[in-house]
Each structure stands twice: as C-alpha cells, then as structure tokens.
Amino acid sequence: MGMPIWKTDFGKYESGQLLEYRISERKRGREMMKNKNFRKILITMAMCSALLAVDLSAAAAPAVYGAWAGMRSEADAAYDTLPSEPRETMRMSAGAGFYASVQDMTMVDGYYIRKVSAAEMGANPKALQAALDEAGTNATASRPYKVVLEPGKYTVNTVIRLLGNTCLYLEGVTFVQAKNEGYNMLVVGNESGAEKGYCYENITICGGTFDKNGNASKTLIKVGHAANFTMENVTMTNIKDAHFMEVAGVNGFTMRGCTVSDMTVTGKAIATYEAIQFDILVDKHIGGYGYEDLISQNILIEGCTFTNLSRGVGNHNAVLNNPMRGIEIKNNTFQNIKSLALRFMDVRNCSITGNTITGTPRAIEFDSVMQEGTYFGTTLDKSSGTPKKYIKPDADQQILVSGNTINCSGKDADGESPTVCVYLRGMEITKAVKAKDGDKVPKGDYYLSGVTIENNKMTTTQHAVFFRNGRNSTVNNNQIVCKGKTDSDDAIYLIQNSIENTVTKNTIKNPSGSGISLYTKASAKLIADNKITSARNCGIFVDACTAEEITGNTISKPKKIGIVMTANSGSKNISRNTITSAPEGGINVGATNT
C-alpha cells in the first residue's frame, strides 16, 4: 500500500486543513472527502503540526502520547482501505507541501537542503544530477544532504546516480523512462570498478514512482558497495525481462512501505527474475562495480506490496563458505507471483514473519549451497581469504518462518517444481562438477539445519511443508488446509536424509496424500499432538524410516490407515494416539503396501 503520509516529513510542514483545501479544489477531491477513512486520516495529519511542536515522548506527556499513538494506529488501518487515487493525491500534496515549506541551501532537521524545480528539470535529469553530484562531493555523515525534487511527472533519458550521505526526496514525483531505452534508471555509486568495501554510505530514497515503461534488459535500480541504504514509500513498476532491483555487497538494506508491480518475462527466463535480487559482486552477474568477496547482510524488507511478478525477493547466487546473513522479511504482501515469492540460497539468521502470500505456486524456499550459482571467494577477488574446501554446515542456521498466511496453487513457471508453501532443499554433492554458472563446488553434504516453521496458516493444492535434506528443524502449530485433487501429495513431507526433525501441534485438513510422511532415510525425533482430518491416504506414513516417538496425535477419517510403519521402519514409542473412522485399520506396523 505504501508508507502512510504521517510517517514522512509531511506532518512537520503541512497541516491537514491545507491538504483538505488542496483536494477540495478538484472536483473528484470532493468525492474523496465522503470517505470516512479519508477524513480520519486528514484529522490525524491536522494534529501533526500541533502535536509535533510539543514533547511527544511517553515519559514527558503520557496522556497526549497515548491518545496520539491510538489515533495513528487507527489512521494506519484507515489508510490501507483507501483506493489508489486518494493515496496518490495525498502523496502529491505531501511532496508539494514539503517542497514549498523548505528553503534551498538551508539546514532542516539536520539535512542541508538542495531543491530542484520542475522548470530546472525540463526534459532530462541534469539539474537533479547536478544537485546529487554536489551532495556526493560535500555531504558528510554529520552534515548530510537532502535533495528535494518538485512533485510532477518527468521523462528520464539517462541514469540517475546517487552517492553517499544523501536523502533523495521524491514524494509526489513520477519518473518514466523514455520508451525503448535500456539503461538503469537509478544507480548507487559511480561504478568506477575500483570500489572496495561498503563505501557508499547513508543513502535514502523517500517516495517517488519509477516507471520502466515496459522497457527490457536493464535493472531499474542497482545498489552495490553500500552501507545503510534505505527506501521508503517508493513505487517500482512496468518492467520487462529484468530485475527491478539488484543489490550486492550491502551492509544495512532497508525497504519499507514500497510497492513493486507488473513484470513481464518472456521465454525460458520466466523463473529466474526476482523483483528484488540479492547478488554477489562478480562480473557475470552485476556489472560496473569493483568485484569483491563482500556479502550482503543486515537486510530488512517490511510493509511492502509485490504484485504481478515472476519472483518476489531473494538470491540464486552465493559465495561458498561466506553466506548472506541477518535477513528480516516481515509484514509484506505478495500477490500473483508466477514462480515463487521468497527464495534464499545459503543464508544464516533469516526470519520471514507476518507476510501474506497468495496466488503463487511456491511461497517460501530455502536452499543450501547448490551446484549452480555457487562461486569461490577468489573468483570474485583473488585476495579473498574465504576457504574453497567443504566445511560442515552450521547446526543452527537460525532460519524462522512464522506467522505467515500462505495460499499456494497453480503450476510453477519453471515447469518442474512442486506447489508448496515452505520448501527446504539441502543438497548432498557426491561429485564435484564444474557448473554452467559458478565454480566446481567440492563434494559434501550441504544440509539445511536449525529451521523453525511455526504458527503459519497454509492453504495448498499439493504440499504445505517439504523437507529435502533438512535436519534438526521444527514444524509446529501450523494450520494447514489442502485442496489437491490427486491422492499422492502429502501435507508435511520429509525425504532424503531429513533427520532429527520435530513435527508437533499442527492441524491438517484434507491432505490429498498423507498428513505427515517420512521417506528415503528421513527421521523424526517426535511426531506429537497433531490433528489430521480426512487424509486421502493415511494420517501418518513412515516408509523405511525412523520416528522415535509418535504420540498424542488425533487422526480422523483417513481413507486408509491411521498410522503406518512399513517394513524396516523404527519407533521407540507409539502411544496415546486417537484414531477414528479408519477403514483399513488404526495402526499398521510392518506394512508392505497400503
């Protein structure tokens, strides 16, 4: 939906009454005023000027602070119900109010202001670039620049470059790339090729719409060698055969309240374009920057909307033994994603929480080191000290998937992947083979470990949770509804050396296969207190695997058997399970066929 206006600079410079006056000048503005949620937001913003003039801390003014916090909470909810037209009008007015209220070459809220007018911009961004270049030369961490562009719609015919210690304020601005152009719209840095470390620091883009105009090939925004990069309330739209963003070698990346929509991808590449791609600094993948074994870390994507895309957010390249880490993806909305919403390869300390994901075949995927897309650090930079040998993966990779609402359906655009809400893919490489994309990864067991999947609501036409070589992990307290039409797709499916896992307190309705299954050398420490209803096969199916304890589960109306342990399966304890209406029996140990 985008960032509510009272969370931007607007509240400090323009009252709700002035906004109401601006809107009422327009005929359709009067119609907006009939919307009670719109009026509630205007009242909230009208309070900004008065309340921000006093100390709003809870300690100094608890009563005022409490009332204000409650009003903001209500206004946040109201803002999300508004149609796009009043939201856009509010952004335009916010930008106009801020632009009119600040003076060029003055200090405001710790920023040195440089204004660029619509008249100065003309048909190209030279005036804007001049102001950004000045900021790049003169801005410091203690005296950053804020470059403010007058609201309006601008056609751009060249790349805009943004350097350090700069805020680019674009509230109410729309950039449209000239038709049939193939360049980046905005790039962080000079792309000198000599960059080292996180050298472009403290960069913010506030507001604005970037419209690629259906043009192909080049990424819209490119960020490399950066520290403390932030985007708030930015819209990116209308791209073909390219990522919206490529990010590589960044320490501190925040994307909040942004909207990303409408990607057209043709041919076999349809499943390879993430809207927001985290990449590595290697010439084959991201051009221009200095190549270096410099990981991206400390990433936050929050409150954003992703719609009509091939893929949402993630990476498909990594440096062996130097994974991305510190990733938080929370409270976002993903809709109509042709392949998958979130995919991360070889990461540590990653949480995916509170997101709503609908209309996609795959929602969330974690991969270990893979044969394709994995590079040695020395390929990026000969001076890299990252080992090239196999190193046993961490026992606790600190991966959390919690509190998400997921609805998966349809066939993946890659033509081969399953329909699944949460997919874990560890890989055991039995022979080192030179990859088409990447280096010759050493042989070894690159398993996933230390994953928690809990408190999610999942609806799927095939699998809810699929573990492949994932160990020491937990699937707990998820609500799962299956809507598949076959008799073979298990809701929670553990295979291929997925060992020492725990499956507890899940509610599973109508699985098209079994509710919980273990195959091909999988094992579970505990399968307990799950409720499985109307499985088209069995409630719990263990095929030549080990489930140490199966206890306290409630299984009703399976098409076949409640609990099956085939020949060569093992369990120390099968007890306190309640099984009803199982036509072929409650528990079958040593079964050869079901």
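What you see is a predicted model, and the numbers here were worked out from it, not measured in a lab.

Engineer: Help me get a handle on the nonpolar core, residues and values and all.
Structural biologist: Proteins that are soluble and globular tend to have nonpolar side chains buried together. With 112 residues, the main nonpolar core has F175, M236, F344 and F366 as its most contacted residues. Of the residues forming this core, the biggest block, 6 residues, is contributed by strand β13 (residues 245–256). The residues contacting F175, other than those within four sequence positions of it, are M121, L128, L149, Y154, V156, I160, L170, M185, T209, F210 and D211. Of all hydrophobic cores here, the second largest spans 9 residues; its members include Y99, V102, I113 and C206.

Engineer: Just give me the short version of the pairing of strand β27 (residues 420–425), but keep the residues and values in it.
Structural biologist: β27 sits mainly inside the fold: 5 of its 6 residues count as buried. Where strand β23 (residues 362–367) meets β27, 5 bridges bridge the pair, whose relative direction is parallel. Counterpart to R362 in the pairing with β27 is V420. With 5 bridges connecting them, β27 and strand β33 (residues 463–468) associate as parallel partners. Each residue of the ladder has a partner; that of Y423, found in β33, is F466.

Engineer: Tell me about the pattern of salt bridges, and please be specific about residues and values.
Structural biologist: Throughout the structure, instances matching the rule amount to 20 salt bridges. Here D414 makes a salt bridge to R362, at a shortest N to O gap of 3.2 Å. Taken together, the residues D414 in the loop between β26 (405–408) and β27 and R362 in strand β23 connect sequence positions 52 residues apart. Residues joined by salt bridges that share partners form a network here, namely R343, R362, E365, D367, D412, D414 and R425.

Engineer: So what's going on with the confidence of the model for the chain? Residues and values would help.
Structural biologist: Scored by pLDDT, the chain has a mean of 88; 83% of the residues are at 70 or more. In this model residues 1–29 is a low-confidence stretch, pLDDT under 50, and it forms 82 contacts with partners more than four residues away in sequence or in other chains.

Engineer: Can you tell me about the pairing of strand β21 (residues 347–353), naming the residues and giving the values?
Structural biologist: With 6 of its 7 residues buried, β21 lies for the most part within the structure. By the bridge criterion, 6 bridges tie strand β19 (residues 324–330) to β21 in an arrangement that is parallel. Note on β21: the bridge partner recorded for I329 is I352. Two strands pair when backbone bridges link them, and β21 and strand β25 (residues 399–402) are joined in this way by 4 bridges, in the parallel orientation. Residue pairing across strands places S351 opposite L400, the latter belonging to β25.

Engineer: Describe in detail the packing of aromatic side chains, supporting the description with residues and values.
Structural biologist: Under the criterion given, the structure shown has 13 aromatic pairs. An angle of 45° between the planes, with centres 6.2 Å apart, marks the rings of Y154 and F175 as tilted. Linking Y154 in strand β4 (residues 152–156) with F175 in strand β7 (residues 173–177), this pair joins segments that are 21 residues apart in sequence. Take Y154: its relative accessible area is 5%, and that puts it in the buried class. A relative accessible area of 1% places F175 in the buried class. Ring centres of Y519 and F541 lie 5.7 Å apart, and the angle between their planes is 25°; on these two criteria the pair is classed as stacked. One end of the pair, Y519, is in the loop between β40 (516–518) and β41 (523–528); the other, F541, is in strand β43 (residues 540–542), with 22 residues separating them in the sequence. Each residue in the set Y423, F466, Y493, Y519 and F541 is aromatic and connected to the rest through ring pairs, giving one cluster. The ring of Y112 carries the charged tip of R143 above its face, separated from the ring centre by 4.2 Å. Taking NZ or CZ as reference, K146 lies 4.7 Å from the ring centre of Y111, over its face.

Engineer: So what's going on with the side chain of S368? Residues and values would help.
Structural biologist: You can see S368 is positioned in the loop between β23 and β24 (374–375). Of the residues examined, S368 reaches a relative accessible area of 3% and is grouped as buried. Setting aside residues no more than four positions away along its own chain, S368 makes contact with M345, D346, R425, G426, M427, Y446, Y447 and L448.

Engineer: Outline the state of the cysteines, supporting the account with residue identities and numerical values.
Structural biologist: Considering all chains together, one arrives at 0 disulfides under this definition. Note on C258: no disulfide assigned, nearest cysteine sulfur contributed by C304 at a separation of 4.6 Å. Overall, C258 belongs to the buried group, its relative accessible area being 0%. A disulfide-free cysteine, C408 has its sulfur positioned 3.9 Å from the sulfur of C421, the nearest such atom. C408 gets classed as buried once you look at its relative accessible area, which sits at 1%.

Engineer: Break down the environment of T264 for me, with residues and values.
Structural biologist: Of note, T264 is situated in strand β14 (residues 259–264). Overall, T264 belongs to the partly exposed group, its relative accessible area being 45%. Excluding residues within four positions of it along the chain, T264 makes contact with I239, K240 and D241.

Engineer: Residue-level account of unusual backbone geometry, with values.
Structural biologist: Excluding glycine, a negative phi dihedral is what most residues carry, and trans is how most peptide bonds are arranged. The phi angle at N298 is positive, at roughly 60°, despite the residue not being glycine. Mapped onto the fold, N298 is located in strand β16 (residues 297–302). Even without being a glycine, N477 presents a positive backbone phi close to 60°. Note on placement: N477 falls in the loop between β35 (474–476) and β36 (479–482). Assessed through its relative accessible area of 31%, N477 is described here as partly exposed.

The rules behind the values
- Along each chain, the written sequence defines residue order, and numbers are assigned to residues from 1.
- For this predicted model, a pLDDT threshold of at least 70 governs which residues receive local features, and a threshold of 80 or more governs which side-chain atom pairs are given and counted, while totals over whole chains, interfaces and linings are taken from all residues.
- Note: side-chain values were computed over all heavy atoms of the structure, leaving out hydrogens and water.
- Here the nonpolar core consists of buried residues drawn from Ala, Val, Leu, Ile, Met, Phe, Trp, Tyr and Cys, with membership extended through side-chain atoms lying within 4.5 Å.
- Each residue is placed in one exposure class: buried if its accessible area under a 1.4 Å probe, protein chains only, is under 20% of its type's maximum, exposed if it is over 50%, and partly exposed if it falls in between.
- The helix count covers DSSP runs of H or I at least four residues long, the strand count covers runs of E at least two residues long, and both are numbered beginning at the N terminus.
- Two residues form a contact once any of their heavy atoms are found within 4.5 Å.
- When DSSP finds two or more bridges between two strands, those strands count as paired.
- Salt bridge criterion: a side-chain nitrogen from Lys or Arg within 4 Å of a carboxyl oxygen from Asp or Glu.
- Every residue gets a pLDDT, meaning the predictor's confidence in that residue, from 0 to 100.
- For Phe, Tyr and Trp, rings pair up if their centres lie within 6.5 Å, where Trp contributes its six-membered ring, and each pair is then called stacked (planes under 30 degrees apart), edge-to-face (over 60) or tilted (otherwise).
- Working rule: Lys NZ or Arg CZ, within 6 Å of ring centre, within 35 degrees of ring normal, means a charge sits over the ring.
- By disulfide we mean two sulfur atoms from cysteines, separated by a distance within 2.5 Å.

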